[in-house]
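What the coordinates show
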Amino acid sequence: MTNRFFRIIMTILIVFIGFITTVATEDSDIEQMISDLADEIETVEDNGDFIVEAKSSRYGTDVKKSFDGLASQISTDFNNQFKLPKGNVFISFEDCGTVNAFYDPQNAKIIMCYELFQTFFEFYSTPEDAVKAFFFVFYHELGHALVDQWDLPVLGKEEDDVDGMATRLIKI
Ligand SMILES: [Zn+2]
């Protein structure tokens, strides 16, 4: 199996698995295809871990405390769910001095700024909605990280592709 072909099927699996699963229940050919794709994923080596950290915040010690819990949950969940063939991926919740969230491919690091959470918290009428919005952005950045770490080909605009991935991933 060539590397290129493998990347293509990985993308198909990640982006369309929800759709395929829905339409494939009566179609044994597609079921066979999904089973083959699952076998291919088994061959990916897991050479790294998600290293998740919540830094101290100027918004108060409670912020770090709540994000510490989240960080350990994410670390457990993601390390069980995702293989990282290229090595560790770092996730940091921190004060950035600006409202932002981004993936830094140079350092394989997702930075989630507390300022973004604060902004959502002020904008949305319930804390639950603020958390949902923050998580959508988080999964969007995770999408960028997985595109980079798995060398997934981006078939359209990457921003749109990772929005699609975020929508799928957040339902897992
Ligand atoms: Zn983006």
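Refer to the preceding data block for the structure.
A brief structural summary.

Thresholds applied
- Residues numbered from 1 in each chain as written.
- Predicted model: local features only at pLDDT ≥ 70, side-chain atom pairs only at ≥ 80, totals over all residues.
- Pairing = 2+ DSSP bridges.
- Helix = DSSP H or I, 4+ residues; strand = E, 2+ residues; numbered from the N terminus.
- Axes fitted to C-alpha atoms, helices over the stretch in contact; angles between N-to-C directions.
- Contact = placed C-beta atoms within 7 Å.
- Buried ≥ 20, exposed ≤ 12 C-beta atoms within 10 Å, placed from the backbone.
- Right-handed = clockwise from strand over helix to strand, strands pointing away.
- Left-handed = near helix turned anticlockwise from the far one by under 90°.
- Nonpolar A, V, L, I, M, F, W, Y, C, P; charged D, E, K, R; others polar.
- Parallel < 35°, antiparallel > 145°, perpendicular 65-115°, else oblique.

1. Regarding the sheet that holds strand β4 (residues 109-113)
In space, the 4 strands of this open sheet follow the order β1-β2-β4-β3, with mixed pairing throughout. The sheet is open, and its two borders are formed by β1 (50-54) and β3 (101-104), each paired with just one other strand. In this sheet, adjacent strand axes meet at a mean angle of 15° when their direction is disregarded. Where helix α4 (residues 114-123) meets the sheet, it contacts β2 (89-94), β3 and β4, and its direction lies at approximately 40° from that of β4.

2. Remarks on the pairing of β2
Here β2 shows one buried face, formed by Val89, Ile91 and Phe93, and one open face, formed by Phe90, Ser92 and Glu94. Where β1 lies against β2, 5 bridges are found, and the strand directions are parallel. Bridging from a neighbouring strand, phenylalanine 50 pairs with valine 89 of β2. Each parallel crossover has a hand, and the one from β1 via helix α3 (residues 61-81) to β2 is left-handed. With 5 bridges joining them, β2 and β4 adopt parallel strand pairing. When the bridges of β4 are listed, glutamate 94 appears paired with cysteine 113.

3. Focus: the packing of helix α5 (residues 127-149) against helix α6 (residues 158-169)
Between α5 and α6, whose axes approach to 8 Å, the crossing angle comes to 115°. For the crossing formed where α5 meets α6, the hand is right-handed. Counting all contacts with α5, which are made through Phe136, Tyr139, His140, Leu142, Gly143, His144 and Val147, the residues of α6 involved are Glu158, Val162, Asp163, Met165, Ala166 and Leu169. Looking at the contact of α5 with α6 residue by residue, the class counts come to 8 nonpolar, 3 polar and 2 charged.

4. Side note on the pairing of β4
The pairing of β3 with β4 spans 4 bridges and is classified as antiparallel. Bridge assignment links tyrosine 103 to a residue of β4, and that residue is isoleucine 110. Hairpin connection between β3 and β4: a loop of 4 residues separates the two successive antiparallel strands, and alanine 108 in this loop has a positive phi of roughly 50°.

5. Observations concerning the packing of α4 against α5
How two helices pack is summed up by the angle between their axes together with the distance between the axes. Close contact between α4 and α5 brings their axes to 8 Å; oriented N to C, the two are set at 140°. The orientation of α4 with respect to α5, classified from their angle, is oblique. Here α4 and α5 pass one another in a crossing that is right-handed. Counting all contacts with α4, which are made through Leu116, Phe117, Phe120 and Phe121, the residues of α5 involved are Pro127, Ala130, Ala133, Phe134 and Val137.

Interpretation note: all reported values are geometric properties and have no functional meaning in isolation.
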